[in-house]
Amino acid sequence: MFMTLSRTTMIALLAAAVALVLPRPVAAQPPDLRSGEAIPRDLREMYERGVQYLARTQTESGGWTGGGNEQGPGLAGLGLMVFLASGEDPNFGVYSTNVRRAVRSIISGQNANTGFLGSSMYHHGFGMLGLAEAYGAVDDRHIWPDRKDQRGIGQALELAVRAAVTSQKKNSNGAWRYSPSSTDADTSVSGAVLVGLLAARNAGIEVPDEAIDKAIAYYTQMTSSAGQVAYSGIGGFDDSLARVSIATLVYSIARRKDLPQYKAALGFLTGRLEQPAQGWPDYSRYYQAQALFQGDLEAWEKWNGLLIRQLKQAQRSDGSIPGQQGPALGTAMSLLALALNYRLLPIYER
Amino acid sequence: MSWPRLTGVCPSVRCRRFAAVWPVALVAALCVGNSRGAGPPEATDVSTLQLRNGDIVSGRWLPSEDASVLRWQGAPFVSPFEFALTGVAAVSFPVPKEPPQPEGAYCFELTNGDVCYGSLERLDSETIELELPRLGRVQVPPGRLRRFSRWNESAGLIYLGPNGLADWSAAPQGAWRDEGGRLVTVQPGATLLSEFKLPPRAAIELEISWTQKPEFILALGVGNDDESVRQAFRMETWDGELVLLRETARDADLAELRTLAAGADRLRLQIYLDQIAARCLVVSESGAALADLTIAGDGKGSYPLLKLLNRGTGLQLERLRIRNWNGQAPLEADDDATGLHLVDGTIVRSPLSGYDAATREFIVGAEGARMRLAADRVDSVLLSAADVGPPEPVTATYQDAARFSGELVRVDDNAVWLSSPAFGNGLRLPRQGMRSVSVRANEKIAPAQEKGVAVLEIEGVKLRGRLIDGSAQPGASCLVWQPQGSRTAGALRPGATGRILFREPKRAPRASADTRTKTIRVEQQEQVRARQVAAMAAAARVAQAQTPVASAEEIRPRRGDQKSIYLRSGDSVPGEVTRIDERGVTIKTAFSDATLVPHEKVKAAELADESPKSAMLTKIKRDRLLTLPRMQRENPPTHLIRSKEGDYLRGRILQMDDVRLILELRLERREIARDRIARIIWLHPEELGADSAAAQSAEPDTATRVQAVHGDGVRLTFIADRLVGNVLSGKSDVLGDCQVPLDKVEQLIVGGAIEQAASRLAYQQWKLQHAVDPAFVRSEDNRSGDGRESGTESEWVGKTAPEFELPMLEGGPFRLATQRGRIVVLDFFTTWCGPCLEELPHVDQVRRDFAQAGVQVVAVNMEEAAPRVASLLERRKLQLPVALDRDGAVAAKYSVTTIPQLFVIDREGKIARHYINAGRHLGEDLAEALRELTADKTGNEPGSP
């Protein structure tokens, strides 16, 4: 019989127990990082208000309504990760209903034949990432208690991986763009899909090495010697912190820190810790947090202090954090940037 | 050391003790009584009362049966004042922007200075009857009418005003204000230059008033250059003397006109300027000739402007009437003989014995030698005047320049009642259309010379007087003002903003020039005497140039003084900073038990004396220090730390105790020994780029917020709720309860003026400014410069648009081939593409704007299901026609690999524009392109569709 644990207990326990719970290999981590430092109270409260906002505004079907990209499996995947990262028990905790709704939302929208999660490859990537993070932590039996015919998280994730790999095979760049059948690629959409694939691989789902290698090769082509990362096509290097962060992150998670492009990209990031994002600040900070955390813990700690300060000012009284694509997506991405402080999500492991 | 006693310890005990000493009932009764006043004046009904001592108060004139008292409801007060009429200088009423012109056939001038316009109905040895607008038929005793002249419904009138600042160039900006139509300045050096033009021969009637000492120059017939002003006929005040003078390169002449009274007074004159004959005559309001100068100018002809320069404190241009003049000198008023000026220039020196209204003829000549003159042959008539005695005490002036004088009888809501011998005593003057009522100074009554008088200065009010005991009541503050000369006091309304000045800060003595002059007649050839006149004028100008100029208030830390904490409200509180952390600044001060001040309220803190050799900070260095690079915009420094040696460090203070200061410097943590720090200045992010006063503009006050400013620089802001025995009590949101003895206070700043005053203080000037953006950033932000895409750079432009056919969302097909002769806009989008969603409303707007101009807009959705697209349109309230490119085949034809992309296809089917991710400026770029393309066919200029 399971017990419902208090949230604070879960924070303490999950950090130590997560490696045991998850059915996959976990890279060894330094003890100090494993236990982490005490989470400041104001940060905990900020996260709590944000996650409550998302829980409150989640629809019955598991998604969020609103403008822009506020609908679809991508946001459902990100929202799902916010609940998972909260430290509450995903199966019996205060957000377990929200977790199940989000998972159901992603799986029920999936094309049973192609595995495409829907809407665009952005959504597919983030939806796949959400499933990967939930896989092993969320009990399938609670997802579809009355419908035995529905896919479980593992099945849906495998299918989604297959869709991503199929799409990549059709793409001459070896990467992804908005449509699964696109023949060109960009480093933004590709980041969403590749991180999803890497998370799935970390979760134990079979992902062909070739797929990862081709995608990493695409990123190396798109990374300048100075560390800038172009968007699409050929050239066009600018100061986009979001794309540099994506590249740094995928090199890290793919365990390719040996690449000169990784070092260049990371150097670019750490040299610009105070630089404001040029547009899409929530999207930028979502990746910047993970890239710095993976690449340079000392730099992340400095940057993280700034992030907390900025989000504290940005958070509204209802707990939401504004974003260019609406409050739900802005809140989800900002909270996931903060969630590095908890380090509970598998994708955050170093 | 003696600090003002701003007691804050155990305040509640002190408050109770004061309450026991002073009868609460009396204070309450006063304030409650005040709140039962006549209510706030209507916004459209605000007039200005000008007192004899120079004070003013805006508000409303209340009815009174007692003619010795003027009841006045000041706008910011809850109850009316009752001023002795002898202390009143004038009441000015609002004047419309286009004041009415005088109406009537004649302008009548009475012996007492009254002027009115109307028609002559009867004139004989018994009586004179006039028909006047507003007053109807009135009778004037013979001997009371001095002169009348053809007015002819304003014919020949050039200017009648002032009507606010219209028709004037005022400098510097803001120095002059429109106060009920008259023009008012308190700024030395303020000028008014006419925009209307003087005729070469002009008759000028002028009324000027002043609040303290008459100091002005009026230059007549000038251009836009200084030289013409120097050479013009000028009326100048020289240490209380009014003179008329002219200085040219060769000649100079001067005539003393009269001695002007110090204190509030006014001047009325008639000036006749003949620039053709280089002559200027000045005539008093009673018609006496004061000066007649003829000095040739620079030979460049006449100059069309008029310039007024204020050299003193308060100056008002009350009235100015300019008419064409025929160059003939006015009949001398001291000539007993009556006479008639005919329109042909003839002067008839015969007594006027009657007027035949039926035939419109004047009857002139003595009995037995009478003759008749048709009225239209007569330009003006000077009549024999009776001895009129002393001037009347009260004069009412109308917007059309008519004026009537007499003794005040009473005032009601609609009329001012005068007793006027000139009009057979009872004169009811309607308040409608009135522009001012002035009261002549009674020299027998010396102005009150009270000691310890304070001055209340708030918008529309300057009143000498004193604060009396009071306590805050609903709708009334505890600041109850007893003006000089009023037998009643009034509490200020909450929300009033201004100050009470208890004593002026000491200033350097002002240089005085010996400008005492005598009337000097300078013959044209006597160059030596001309130089003397010029020297006198120069001496007067030098005296003006040495007038001290007010500068921003400075608070500079003095070595050895006790250190202070400076708040953003302007407060300066002596005390010691013991700790800084994320909660705020902990201080130790003798003035309060409160110790923690939140960061958002702090501006600066002094910790220690600087080294005698500390580095000086130049303006360039300071500007550099306060410039925020673009890359730090989201993480601006919050503090400036100045070392004892004068070095500065920018960063974010995390913590400070009595040993060390921990600072975040570019996200790095640093430690500094506290004993190396002299000062800390707070840089508040919300002040970035804001101007000083606006940054802290407060909400309108509902309570009475005051800042007590002491002579030694100590300032304290609090909500005042009670004044008892000259001790003002209240509560500071920083220091808690406090009590301030007013005898230690230099000034009490009230309401929003606190922020304005604070913005002038030295530390408040320390504000970060954004660095100037590089050109590429500006062009991106402003869509100006070379970074702007015109939509014609693409290789697609000029090529034939690929043909296609797609099903429409609302049903039916769309075939491009059928659109020849129309301009087609294709916008490729998906529902999940953020930039596409940003552009769609602009595209929809363009569709609406150009629907009638032969433009077909189609949004092409790529590879999505129809319900999803329909849902988006409904959610976003878009009415765009959408073609469904279900397999992406059409997008492939147009090589759409990036979205959003938008193509404009001209009437011939060629691509004319191609935009890729054009962003928020797409709408204006697209509209401009379509205006150009739609204009091509018609040959019309591009314009709105």
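Structure's up top.
As the structure is a computational prediction, the values presented were derived from the model and not from experiment.

(A) Up close: the overall build of chain A. The helix and strand inventory of chain A stands at 15 helices and zero strands. Taken across its 350 residues, chain A has 63% of its residues classed as buried. By sequence separation, contacts in chain A at least 24 residues apart represent 71% of the contacts at least 6 residues apart. Carbon and sulfur atoms make up 52% of the accessible area of chain A, which amounts to about 13,100 Å² in all.

(B) Main features of the overall build of chain B. Along the backbone of chain B there are twelve helices and 67 strands. Per-residue burial over chain B gives 53% buried out of 945 residues. When the accessible surface of chain B is split by element, carbon and sulfur atoms take 50% of a total near 42,200 Å².

(C) A look at unusual backbone geometry. Residues and elements named next belong to chain B. Here the residue pair Ala 171 and Pro 172 is connected by a cis peptide bond, since its omega of -15° sits within 30 degrees of zero. With respect to the helices, strands and loops of the structure, Pro 172 is situated in the loop between strand 12 (168-171) and strand 13 (176-179). Positive phi, normally seen in glycine, also occurs at Asn 726, with a value near 70°. With respect to the helices and strands, Asn 726 occurs in the loop between strand 56 (715-724) and strand 57 (727-732). By relative accessible area, Asn 726 is classed as partly exposed at 37%. Look at Lys 877: it is not a glycine, yet its phi comes out positive at around 55°.

(D) Representation of the sheet that holds strand 63 (residues 823-829) of chain B. All names here are of chain B. Here five strands make up an open sheet; going across it, the order is 65-64-63-66-67 and the pairing mixed. Where the open sheet ends on each side, the last strands, each with one partner, are strand 65 (882-885) and strand 67 (911-916). When strand polarity is set aside, the average angle formed by the axes of neighbouring strands in this sheet is 20°. Bridge count for strand 63 against strand 66 (residues 901-905) is five bridges, and the pairing is antiparallel. Bridge pairing links Asp 827 to Leu 902 in strand 66. With respect to the sheet, helix 9 (residues 834-849) is in contact with strand 63, strand 64 (855-862) and strand 66, its orientation differing from that of strand 63 by roughly 160°. Here helix 10 (residues 866-876) sits on the sheet in contact with strand 63, strand 64 and strand 65, set at roughly 150° to strand 65.

(E) Quick peek at the sheet that holds strand 12 of chain B. All names here are of chain B. On the basis of which strands lie adjacent, the open sheet formed by seven strands has the order 12-15-24-17-18-19-20 and antiparallel pairing. The open sheet has two free edges, formed respectively by strand 12 and strand 20 (252-259), since each of these has just one partner strand. Across the sheet, the mean angle from the axis of one strand to that of its neighbour is 15°, orientation sign disregarded. Here four bridges tie strand 12 to strand 15 (residues 191-194), and the two strands are oriented antiparallel to one another. Opposite Trp 168, over in strand 15, you have Ser 194 as the bridge partner.

(F) Representation of the interface of chain A and chain B in the model. Across the boundary between the two partners, chain A contributes 26 residues, which contact 24 residues of chain B. Both faces combined, the contact of chain A with chain B buries some 2,200 Å², and carbon together with sulfur accounts for 45% of it. When the buried area of chain A at its contact with chain B is split by residue, Glu 274, Lys 302 and Arg 309 of chain A rank highest and sum to 29% of it. Inspection of the chain A/chain B interface yields three salt bridges. Residue Lys 302 of chain A is joined to Glu 668 of chain B by a salt bridge in which the shortest nitrogen-to-oxygen separation is 2.3 Å. Linking chain A to chain B there are nine residue pairs in polar contact (both at pLDDT 80 or more). A total of five residues in the side of chain A that touches chain B trace back to one element, the largest contributor, which is helix 14 (residues 297-314) of chain A. The residue inventory of the side of chain A that touches chain B, partitioned by class, reads seven nonpolar, 14 polar and five charged.

(G) Local environment of the packing of aromatic side chains. A complete count under the given rule lists 35 aromatic pairs over all chains for this structure. Geometrically, the ring pair formed by Tyr 218 of chain A and Tyr 219 of chain A is edge-to-face, given 5.7 Å between the ring centres and 75° between the ring planes. Taking the centre distance of 4.7 Å and the plane angle of 50° together, the rings of Tyr 566 of chain B and Tyr 763 of chain B count as tilted. Of the two residues, Tyr 566 of chain B sits in strand 43 (residues 564-567) while Tyr 763 of chain B sits in the loop between helix 7 (753-758) and strand 60 (769-770), which places them 197 residues apart along the sequence. Residues Tyr 566 of chain B and Tyr 763 of chain B agree in their burial class; the two are buried. What links up through ring pairs into an aromatic cluster is the set Tyr 122, Phe 126, Tyr 178, Tyr 283, Tyr 286 and Tyr 287 of chain A. The lysine or arginine in question, Arg 246 of chain B, covers the ring of Phe 233 of chain B, its NZ or CZ lying 4.5 Å from the ring centre. Lying across the ring of Trp 417 of chain B, Arg 410 of chain B places its NZ or CZ 4.5 Å from the centre.

(H) Main features of the nonpolar core. Counting 172 residues, the largest nonpolar core has Trp 176 and Leu 197 of chain A together with Leu 826, Phe 828 and Tyr 894 of chain B as the members making the most contacts within it. With near-sequence residues (within four places) excluded, Tyr 894 of chain B lies in contact with Trp 796, Ala 801, Pro 802, Phe 804, Leu 816, Leu 826, Phe 828, Phe 903, Ile 905 and Ile 911 of chain B. Trp 61, Phe 81, Val 597 and Ala 708 of chain B belong to the second-largest nonpolar core, a separate cluster that totals 111 residues.

(I) The arrangement of the pairing of strand 48 (residues 602-606) of chain B in detail. Residues and elements named next belong to chain B. The buried fraction of strand 48 amounts to five of the five residues, a majority that puts the element mostly inside the structure. Across three bridges, the pairing between strand 43 and strand 48 is antiparallel. By the bridge assignment for strand 48, Tyr 566 is matched with Ala 604. Relative to strand 54 (residues 677-682), strand 48 runs antiparallel, the two being bridged by three bridges. When the sheet's bridge partners are listed, Ala 605 is paired in strand 54 with Ile 680.

(J) Here's a closer look at the packing of helix 5 (residues 96-108) of chain A against helix 6 (residues 121-134) of chain A. Residues and elements named next belong to chain A. Contact geometry for helix 5 and helix 6: axes closest at 10 Å, N-to-C directions at 130°. One finds that helix 5 runs oblique with respect to helix 6. In the crossing of helix 5 with helix 6, the sense of the turn from one axis to the other is left-handed. Contacts between helix 5 and helix 6 involve Val 103, Ile 106 and Ile 107 from the first element and Gly 127, Leu 131 and Ala 134 from the second. Taken together, the residues of the contact of helix 5 with helix 6 sort by class into five nonpolar, one polar and no charged.

(K) The environment of Gln 110 of chain A, seen in detail. Residue and element names in this part refer to chain A. Structurally, the position occupied by Gln 110 is in the loop between helix 5 and helix 6. Residue class for Gln 110 comes out buried when judged on its relative accessible area of 6%. Measuring from C-alpha to C-alpha, the distance between Gln 110 and Gly 127 comes to 9.7 Å, with 17 residues separating the pair along the chain.

(L) Representation of the side chain of Gln 310 of chain A in the model. Locating Gln 310 of chain A in the fold gives a position in helix 14. A distance of 2.7 Å separates a polar side-chain atom of Gln 310 of chain A from the backbone oxygen of Glu 634 of chain B. Among all residues touching Gln 310 of chain A, those that are not within four sequence positions of it are Glu 634 and Asn 635 of chain B.

Quick notes on the rules
Each chain has its residues counted from 1, following the order in which its sequence is written. As a convention, the first chain written is A and the first ligand written is 1, with the rest following in written order. Residues qualify for local features only when their pLDDT is at least 70, as the model is predicted, and side-chain atom pairs are given and counted only at 80 or more; totals for whole chains, interfaces and linings, by contrast, use all residues. The side-chain quantities take in all heavy atoms of the structure and omit both hydrogens and water. Secondary structure elements are defined from DSSP: runs of H or I of at least 4 residues count as helices, runs of E of at least 2 residues count as strands, and each element is numbered from the N terminus. The buried label applies to any residue whose accessible area, calculated with a 1.4 Å probe on protein chains only, is under 20% of its type's maximum; exposed applies above 50%, and partly exposed to all values in between. Contacts are assigned to residue pairs with any non-hydrogen atoms lying within 4.5 Å of each other. Values of accessible area rely on a 1.4 Å probe in the Shrake-Rupley scheme; residue burial ignores everything except the protein chains shown. A strand pair is defined by DSSP finding two or more bridges across the two strands. Between N-to-C directions, angles span 0 to 180 degrees; the directions come from axes that are lines fitted to C-alpha atoms, helices contributing only their stretch in contact. Buried area: the accessible surface (1.4 Å probe) lost by two parts on joining, summed over both. The working definition used for a salt bridge is a side-chain nitrogen of Lys or Arg within 4 Å of a carboxyl oxygen of Asp or Glu. Each polar contact in these results corresponds to two N or O atoms within 3.5 Å; when the atoms are within protein, one needs to be able to donate a hydrogen and the other to accept it, and residues that are neighboring in sequence are counted only if both atoms are side-chain atoms. The classification used treats Ala, Val, Leu, Ile, Met, Phe, Trp, Tyr, Cys and Pro as nonpolar, Asp, Glu, Lys and Arg as charged, and all other residues, Gly among them, as polar. In this analysis, rings of Phe, Tyr and Trp, with Trp reduced to its six-membered ring, are considered paired at centre separations within 6.5 Å, and the interplanar angle assigns stacked below 30 degrees, edge-to-face beyond 60, and tilted for intermediate values. Each ring is checked for a lysine NZ or an arginine CZ that lies within 6 Å of its centre and within 35 degrees of its normal; such an atom marks a charge sitting over the ring. Only buried Ala, Val, Leu, Ile, Met, Phe, Trp, Tyr and Cys residues count toward a nonpolar core, and they belong to the same one when joined by side-chain atoms within 4.5 Å. Orientation is classified from the angle alone, with under 35 degrees giving roughly parallel, over 145 giving roughly antiparallel, 65 to 115 giving roughly perpendicular, and any other angle giving oblique. Each crossing gets its hand from how the near helix is turned against the far one by less than a right angle, where anticlockwise is left-handed and clockwise is right-handed.

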